[in-house]
Amino acid sequence: MPAVHHKLLLEDALQDSPQTRSLLSVFEEDAGMLTDYTNQLLQSMQRVFGAQSEMGLATEQLSRQLLDYEKKNFALGKGDEEVICTLQNFAKTVGELNSLHSELANQMADSMVFPLIQFREKDLTEISTLKEIFGIATDEHEAAMVKYSRLPKKKENEKSDLVKEVAYTRRKQHQASLQYYCALNALQYRKRVAMLEPMLGYTQAQISFFKKGIELMSKKMDNCLSSVSDMTQSIQAQLDTEAEAMRGSQREFLSVEDTVYMPDKDIEPVNRTLIQKAGYLNIRNKTGLVTTAWDRLYFFTQGGNLMCQPRGAVAGGMVLDLDNSSVMAVECEDRRYCFQITSPSGKTSMILQAEGKREYEEWICTVNNISRQIYLTDNPEAVAIRLNQTAIQAVTPITSFEKRPEGSPNPDRAKPGGVYVTSSGSQKTGAAPEPEDLIAPGTPIQFDIMLPASEFQDQNRAGGRRTNPFGETDDDCLTETGDSLLQQVFAVRFQGSMAVRCGNNQEVIYEAMRQVLAARAIHNIFRTTESHLMVTSSSLRLIDPQTQVTRISFQLGDVCQFAAHQENGRLMGFVVEGRDWSDGDEEGEPSFSAFVFESNTEGEKICYTINLAKDITEAKKDPEALAQLMKNMPLTSDGKFLLLEPETGDTSNGAEEDLESEA
């Protein structure tokens, strides 16, 4: 007797994934069709039992109904051939005995009608009841998750109550689903017995009470009845074994700690080498011009794509291509564990919310790994582990210039070999360098620029004034900015800086960008501070917008390379040349440092401004060239270069208003 291969896996009950729900719907459809068929079969048997005068017609209908079992297209597949053949034999025999009278009524009530009624009232009704309980438990869990997801950070004291509520409803749903799954699995065995047992009792009653037909019935049905009896006993034995195994699995699954049901209570460490991830996330959708709503959907990765599968859907659909995409943590509507995935073009982005911190960090790491196309390698797991270990060893987060470990390369020092970029943008480049030729392995990265306390005090002593980023002139800044033909301010966020080996190749900037962003993702450093980058015809200055204190400044002549990211237009960086006197050389060895920023505008605008500043610096050496440059460029009312058209289209205002609006 072949075993039943279709069954619901109890270990999938807790996750409650769309795949499990889809399989559950197939079982429910099968149970519904079985209920309809059982009711029809029972009606036929009751007609045989109750209609003595219509015994012939009733048995004929029963014969037809038994033959229909083969034609039923059950959701989990048709019945096995042994059951079909047995039912066909029964149908033939019933057709031959349709003329027998109804003295069998009493025994039919016990051996034919009652087992099927018991099957319908006990087993099928139990399935219906468990389905309702499961639906109620699911709704309660969804409601508890909604309340938990909406919990703002300022109400942290209410989190414990909501966590307990989520755990209680999740455990309740788990218990209901286990019972429901076990009942549906057992139904696959019981329906086979329920289909065969009534006909076995019916035939035995015929033999017992109709002496005229006992010889005929014995010759045709003895072997068949013995086979059916053995079949039902075998099925019952399989059911008993499966039921005991399912009860053991229930006890095992329900013996876990309560933390399994609690969100944000993960005790396992974060796996940063994943290249596949699946689970429920909340996604923010716009419902109006300024209103948004959060939907809880099942997300999973497939190759280089992020897929989404709503509950009840047969398959998932692609949401976003993750190749070369970017992912970062964000603060969103006072919700915790939010992160944003942005396409390489920057035109498509989505904000997602994870259930807990571990899920949140693993999703960010997984998307970051996929964006680097690790999954296309021969052994992606090994590549992900190796890259993660290499990144952890090579990248040491430093929070400020004042906390640099001894022996590490100075970010303002590097190896010689850089040349300046000319005003036309030409530069001396060779063959495509390897990453090790651009940046030394193990070079530390600085993620913030902290102004030393002594420098802050020097800039704020009596008689001193704060540096104004908008070009306003006063007594202390006239000497620095009064003779500048160019002043432009951009709002930027400092991402990081590191020492590099050369300053004559834009690839060093791109490699620095990649390492800085990868290091931020690995070390979960996502917060940045906004600053003002002032570009003048003599220097680049990073200014604190709150205190107007210059955090760091560079002479324009020391900026030997600058470029915007080729795909993410908001990223830009530049390389600064310095001198290293550690070897005792009076002139010092050339060294280079790369600085990476994210701007509110296009990085190309900042690069254009720096290039223009260099052109102005070169033109100052030749009055005729300077006059020609000023003739070709628009000027403000006070004779300074006007770089960008105001968004309002009003060009009558001075440079101060242009700079302020741009910042």
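See above for the structure.
Residues numbered from 1 in each chain as written. Predicted model: local features only at pLDDT ≥ 70, side-chain atom pairs only at ≥ 80, totals over all residues. Heavy atoms only, no water.

Undergrad: For this particular structure, what's the right way to read helix H7 (residues 357-371)?
TA: Because an α-helix packs 3.6 residues into every turn, residues spaced three or four apart end up facing the same way. The terminal C-alpha atoms of H7 lie 21 Å apart, and with 15 residues this matches the ideal 21 Å at 1.5 Å per residue to within 8%. With respect to burial, H7 is a largely interior element, 14 of its 15 residues being buried. Directly beyond the C-terminal end of H7, a positive phi value near 60° is found at glutamine 373. (Helix = DSSP H or I, 4+ residues; strand = E, 2+ residues; numbered from the N terminus. Expected span 1.5 Å × (residues − 1). Buried < 20%, exposed > 50% of the residue type's maximum accessible area, 1.4 Å probe, protein only.)

Undergrad: Can you walk me through the sheet that holds strand E5 (residues 326-329) in this structure?
TA: Strands in a sheet are paired, the pairing made by backbone hydrogen bonds, and the direction either parallel or antiparallel. The strand order E4-E3-E2-E1-E7-E6-E5 describes an open sheet built from seven strands, whose pairing is antiparallel. Among the strands making up the open sheet, the edge pair consists of strand E4 (317-321) and E5. Taking each pair of neighbouring strands and ignoring which way they run, the sheet shows an average axis angle of 40°. (Pairing = 2+ DSSP bridges. Axes fitted to C-alpha atoms, helices over the stretch in contact; angles between N-to-C directions.)

Undergrad: Looking at this model, I keep getting lost on the pattern of salt bridges. Mind explaining?
TA: For side chains of opposite charge, pairing can occur when their charged atoms come near one another. Using the criterion set out here, one finds 26 salt bridges in the structure. The salt bridge partner of glutamate 165 is lysine 147, with a shortest N-O separation of 3.2 Å. With a gap of 18 residues between them, glutamate 165 in helix H5 (residues 159-209) and lysine 147 in helix H4 (residues 105-149) connect regions that are remote in the sequence. Under the relative-accessibility criterion, glutamate 165 is labelled partly exposed at 28%. In this structure, arginine 170 and glutamate 355 form a salt bridge, with 3.2 Å as the shortest nitrogen-oxygen distance. Of the two residues, arginine 170 is situated in helix H5 and glutamate 355 in the loop between strand E7 (349-353) and H7; the sequence distance between them amounts to 185 residues. (Salt bridge = Lys/Arg side-chain N within 4 Å of Asp/Glu carboxyl O.)

Undergrad: I'm lost on the packing of helix H1 (residues 18-50) against helix H2 (residues 55-68) in this one. Help?
TA: Any two packed helices are characterised by how steeply their axes cross, that is the angle between the axes, and by the distance between the axes. Two elements in contact, H1 and H2, have axes separated by 8 Å at closest approach and are oriented at 155°. One element, H1, and the other, H2, form an angle in the roughly antiparallel class. H2 is crossed by H1, and the crossing has left-handed handedness. For the pair H1 and H2, the contacting residues are Tyr37, Gln40, Leu41, Ser44, Met45, Arg47 and Val48 in the first and Met55, Leu57, Ala58, Thr59, Gln61, Leu62, Gln65 and Leu66 in the second. Here the residues of the contact of H1 with H2 are counted per class, giving nine nonpolar, five polar and one charged. (Parallel < 35°, antiparallel > 145°, perpendicular 65-115°, else oblique. Left-handed = near helix turned anticlockwise from the far one by under 90°. Contact = heavy atoms within 4.5 Å. Nonpolar A, V, L, I, M, F, W, Y, C, P; charged D, E, K, R; others polar.)

Undergrad: I'm lost on the pairing of strand E10 (residues 487-500) in this one. Help?
TA: Each regular strand displays side chains that alternate between the two surfaces of the sheet. Counting buried positions along E10 gives 14 out of 14 residues, so the element sits mostly inside the fold. Examined bridge by bridge, E10 and strand E11 (residues 530-536) share seven bridges and lie antiparallel to one another. Bridge pairing links valine 492 to serine 531 in E11.

Undergrad: Looking at this model, I keep getting lost on the environment of arginine 171. Mind explaining?
TA: In this structure, arginine 171 sits in helix H5. As a C-alpha pair, arginine 171 and leucine 14 span 157 residues in sequence and 8.4 Å in three-dimensional space. If we skip the residues at most four places from it in the chain, arginine 171 touches Leu254, Asp258 and Tyr261.

Undergrad: Explain helix H13 (residues 603-619) here, please?
TA: A rise of 1.5 Å per residue sets the reference length of H13, with its 17 residues, at 24 Å; its end C-alpha atoms lie 24 Å apart and thus fit the reference within 8%. Of all 17 residues that make up H13, 12 are buried, and the element is covered over most of its length. By the burial criterion, the buried members of H13 are Gly603, Ile606, Cys607, Thr609, Ile610, Asn611, Leu612, Ala613, Lys614, Asp615, Ile616 and Ala619.

Undergrad: Would you explain the packing of aromatic side chains in this entry?
TA: For any pair of aromatic rings, the description rests on two quantities: the centre-to-centre distance and the angle between the ring planes. All told, the structure shown has 13 aromatic pairs when counted by the stated rule. Judged by centre distance (5.7 Å) and plane angle (55°), the rings of tyrosine 37 and tyrosine 69 are tilted. Remark: tyrosine 69 occurs in the loop between H2 and helix H3 (81-96) and tyrosine 37 occurs in helix H1; sequence separation between them is 32 residues. We classify tyrosine 37 as buried; its relative accessible area is 1%. Ring pairing ties together the aromatic residues Phe494, Phe554, Phe574, Phe595 and Phe597, which thus form one cluster. (Phe/Tyr/Trp six-rings, centres within 6.5 Å; stacked < 30°, edge-to-face > 60°.)

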